[in-house]
Amino acid sequence: MSEAAFKLKPLEAPHYREPPHNIEAEQALLGAMLINNDAFHRVADFLKANHFFEPLHGGIFEVISELIRSNKIANPITLKTFLPAALDIAGLSAAQYLARLAAEATTVINAADYGRTVYDLAVRRELIKIAEDMLNDAFDAAVDCAPQDQIQHAEQLLYEIAETGRYGGGFETFETALKDLDAKMGGLQPTDLIIIAGRPGMGKTSLATNIAFNVASAYDATEQVDGSPRPVAGGIVAFFSLEMSSEQLATRVLSEQAEVPSSSIRRGDIGETDFGRLLDCRQKMRRLPLFIDQTGALSIAQVAARARRLKRQRGLHLIVVDYIQLMQGRSQRATQNRVQEITEITTGLKALAKELNVPVVALSQLSRGVENRDEKRPQLSDLRESGSIEQDADVVLFVYREEYYLKNKEPKPGTDEHLTWESEMRDARGQAEVIIAKQRHGPTGTVAMTFQGEFTRFFDLVEDNRLPRRSD
């Protein structure tokens, strides 16, 4: 080896980059507030004290906020008593510095622009911090720390930054367009975990797709000051279909809305009129903010990551998961114990509803114990595999159709029992019940509904004086 190979390169001057900030914008904003408190209301929706680079400015902003929210005047005279008397700012006392801020303020018209500049720079500083943390974590990760966990953690941090400072954020209630059910539930409330449970064949997926379609088709939004949309009606829906493919789910929704039997769609046995209705519904569906994820066996962490991403990129107001028992837990220990795994999943869904401030509708299978009883109507104790479903849920809905069970116990034709059975079938045909077994902030009870089996579609109960409304 040559001697030159052992020589070190000369030391280079360290490359230190100061975090992005704008002291002048901070001063201009505070000065505008001090001469006209209305300037505070132009930034109060998105700006916080910790967004200021200079800690003193953050402290001044916090005092101004507290005074104005207490219906008091915020100016250099009222503020100086809340700052340390011995404060020395480049040779100026606290009182002198506040007076200088007010004296050099220009106009309140630019207050929102100054506030947005301060906020944007704070976001950039936070992004730098996250990037540095990601770099260090990637280099120094523990042996048992999977890269996927680091990705999901980074996505969560990025989502929190994206949501911090957004305009609006007020609670929105989304109706299901099933008036009787809406009246009983008060619509779908943000942060709620709503469980729709039932035995196979009861129509729980149909009820979920009805709700998802109704919310998405009613979506209408207005643009806010920061350019983000705020829903006036309806909402953007994420539908995680762990059982059906997107094509199967789309076929089901088309059948429901066009009132063409799904069996006819699959066989291609469609007349000209039906084809026209299907075409119209298909065009409508293409414009709907209804996003379907057909990935099977998703974990709660993956659902959360994809939901955060959708909300960040497009917006999100309702999540539907079909269904809980097809999901996977996150930890290896949980997957070895099904009860523990379901507990982790339901706890995670409730946490996701709170984090994203949206209602989460999750479907659940019921245990076979229902089939062994004379009374087939579900009870909370029938929730399969874990009491955590009942514990974590804000609302539990059971879907029940007496017609389904009667069909499976037809007596021998020509007997008295068969005549009784035919009478019971006439009474039960097209009838369904949505049993509200739990509602944390509302009444429980049963909502009678109409179910069109050939279209797997729910309606409000058909009264004697009216017929179901067609969608065409």
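Everything quoted here is computed from the prediction, not taken from an experiment.

Visitor: How would you sum up the packing of aromatic side chains? Please name residues and give values.
Guide: Under the counting rule described, the total for this entry stands at six aromatic pairs. Judged by centre distance (6.1 Å) and plane angle (25°), the rings of Tyr400 and Tyr405 are stacked. Considered together, Tyr400 and Tyr405 belong to a single accessibility category, that of buried residues. Look at Tyr404 and Tyr405: their rings are 5.4 Å apart centre to centre, the planes differ by 90°, and that puts the pair in the edge-to-face class. A residue is classified by how much of its surface remains accessible, and Tyr405, at 9% relative accessible area, is buried.

Visitor: Now, about the packing of helix α1 (residues 23-35) against helix α5 (residues 94-103): what can you tell me, with residues and values included?
Guide: Their axes nearest at 7 Å, the elements α1 and α5 cross at an angle of 90°. It follows that α1 is roughly perpendicular to α5 by the angle criterion. Where α1 abuts α5, its residues Gln27, Leu30, Gly31, Leu34 and Ile35 lie against Tyr97, Leu98, Leu101 and Ala102. For the contact of α1 with α5, the class distribution of residues is seven nonpolar, two polar and no charged.

Visitor: How would you summarise the side chain of Lys376 if you had to cite specific residues and measurements?
Guide: Along the chain, Lys376 falls in the loop between β7 (360-365) and α16 (388-392). Of the polar contacts made by the side chain of Lys376, one reaches the backbone oxygen of Arg373; its length is 2.8 Å.

Visitor: Break down the nonpolar core for me, citing the residues and quoting the values.
Guide: By size, the foremost hydrophobic cluster in this structure holds 79 residues, and its most contacted members are Ile195, Ile319, Val320 and Leu349. The leading source of residues in this core is helix α9 (residues 204-217), at seven residues. Setting aside residues no more than four positions away along its own chain, Ile195 makes contact with Ile324, Ala362, Ser364, Ile389, Ala393, Val395, Val396 and Leu397. If you look at the next biggest cluster of nonpolar residues, it comprises 34 residues, including Phe46, Phe52, Phe61 and Ile161.

Visitor: Residues and numbers for the environment of Asp460, please.
Guide: Tracing the backbone shows Asp460 in strand β11 (residues 457-460). Given the relative accessible area of 15%, Asp460 is considered buried. Linking Asp460 and Ala432, residues 28 residues apart in sequence, is a C-alpha distance of 9.9 Å. Of note is the side chain of Asp460, whose polar atom sits 3.1 Å from the backbone nitrogen of Lys179.

Visitor: Please set out the confidence of the model for the protein chain residue by residue, giving values where relevant.
Guide: For the protein chain, mean pLDDT is 80; residues scoring 70 or higher make up 87% of the total. By mean pLDDT, helix α14 (residues 332-335) is the weakest element of the protein chain at 53, and strand β6 (residues 318-322) is the strongest at 93. A low-confidence stretch, residues 1-9 (pLDDT under 50), is modelled with one contact involving residues beyond four sequence positions or located in other chains. Within the model, the stretch residues 464-472 combines pLDDT values under 50 with 15 contacts to residues more than four positions away or in other chains.

Visitor: Provide a residue-level description of the sheet that holds β11, including the pertinent values.
Guide: Reading across the sheet, the nine strands line up as β5-β4-β6-β7-β1-β8-β9-β10-β11 and stay open at both edges, with mixed pairing between neighbours. Edge positions in the sheet fall to β5 (290-293) and β11, since each has one partner strand and no second. Adjacent strand axes in the sheet meet at a mean angle of 25°, parallel and antiparallel pairs treated alike. Bridge analysis of β6 against β7 gives three bridges, and the strand direction is parallel. Across the sheet, the residue bridging to Ile319 is Val360, located in β7.

Visitor: Tell me about helix α3 (residues 55-69), and please be specific about residues and values.
Guide: The end-to-end C-alpha distance of α3, which contains 15 residues, comes to 21 Å, matching closely the 21 Å that a straight helix rising 1.5 Å per residue would cover. Residues of α3 that are buried include every one of Leu56, His57, Gly58, Ile60, Phe61, Val63, Ile64, Ser65, Leu67 and Ile68, and no others. Where the residues of α3 are buried, they touch α1, α2 (38-41), α4 (76-79) and α5. At the N-terminal boundary of α3, the capping side chain belongs to Glu54, with an oxygen 3.1 Å from the backbone nitrogen of Leu56. Trailing α3 by a residue or two, Asn71 shows a phi angle of about 60°, which is positive.

Visitor: Explain the pattern of salt bridges residue by residue, including any values.
Guide: In the structure shown here, the tally under the stated rule is nine salt bridges. Close ionic contact of Arg377 with Glu375 constitutes a salt bridge, the shortest N to O distance being 3.2 Å. Overall, Arg377 belongs to the partly exposed group, its relative accessible area being 30%. Linking Glu433 and Arg377 is a salt bridge whose minimum nitrogen-to-oxygen distance equals 2.9 Å. Pair noted here: Glu433 is in strand β9 (residues 431-439) and Arg377 is in the loop between β7 and α16, with a separation of 56 residues, a long-range link. One salt-bridge network, held together by shared partners, links Lys350, Asp394 and Arg440.

Visitor: Explain the pairing of β7 residue by residue, including any values.
Guide: Most of β7 sits inside the fold, with six of its six residues counted as buried. Of the two faces of β7, the one carrying Val360, Ala362 and Ser364 and the one carrying Val361, Leu363 and Gln365 are both buried. In this structure, strand β1 (residues 193-198) lies alongside β7, joined through six bridges in parallel fashion. What sits directly across from Ala197, in β7, is Ser364.

Visitor: An account of the environment of His21 is needed here, citing residue identities and associated values.
Guide: Structurally, the position occupied by His21 is in the segment before α1. Remark: the alpha-carbon pair of His21 and Glu54, spanning 33 residues in sequence, is separated by 8.8 Å. Polar contacts involving the side chain of His21 include one to the main-chain carbonyl oxygen of Pro19, which spans 2.8 Å.

Cut-offs and rules
- Residue numbers run consecutively from 1 along every chain, following the written order of its sequence.
- Side-chain atom pairs in this predicted model are given and counted only at pLDDT of 80 or more, local residue features only at pLDDT of at least 70, and totals for whole chains, interfaces and linings cover all residues.
- Hydrogens and water molecules were not included; the side-chain quantities draw on all heavy atoms of the structure.
- Two aromatic rings, drawn from Phe, Tyr or Trp (for Trp, its six-membered ring), form a pair once their centres lie within 6.5 Å of each other, and the interplanar angle then sorts them: stacked below 30 degrees, edge-to-face above 60, tilted otherwise.
- For every residue, the accessible area obtained with a 1.4 Å probe (protein chains only) is divided by the maximum for its type, and the residue is called buried under 20%, exposed over 50%, and partly exposed between those limits.
- Inter-axis angles, ranging from 0 to 180 degrees, are taken between N-to-C directions of lines fitted to C-alpha atoms, where helices are fitted over the stretch in contact.
- Put simply, DSSP H or I for four residues or longer makes a helix, DSSP E for two residues or longer makes a strand, and each gets a number counted from the N terminus.
- Note that the term roughly parallel is reserved for angles under 35 degrees, roughly antiparallel for angles over 145, roughly perpendicular for angles of 65 to 115, and oblique for everything else.
- Residue contacts follow a heavy-atom distance rule, with two residues in contact if any of their heavy atoms lie within 4.5 Å.
- Basically, the charged four are Asp, Glu, Lys and Arg, the nonpolar ten are Ala, Val, Leu, Ile, Met, Phe, Trp, Tyr, Cys and Pro, and anything else, Gly included, counts as polar.
- Nitrogen and oxygen atoms within 3.5 Å of one another constitute a polar contact, given that in protein one can donate a hydrogen and the other can accept it, and given that sequence-neighbouring residues count only through two side-chain atoms.
- Working definition of a nonpolar core: buried Ala, Val, Leu, Ile, Met, Phe, Trp, Tyr and Cys residues. They are joined through side-chain atoms within 4.5 Å.
- The pLDDT score gives, residue by residue, the confidence of the prediction method on a 0 to 100 scale.
- By definition, two strands form a pair when at least two bridges between them are found by DSSP.
- Each residue after the first adds 1.5 Å to the expected span of a helix.
- Here a salt bridge means any side-chain nitrogen of Lys or Arg lying within 4 Å of a carboxyl oxygen belonging to Asp or Glu.

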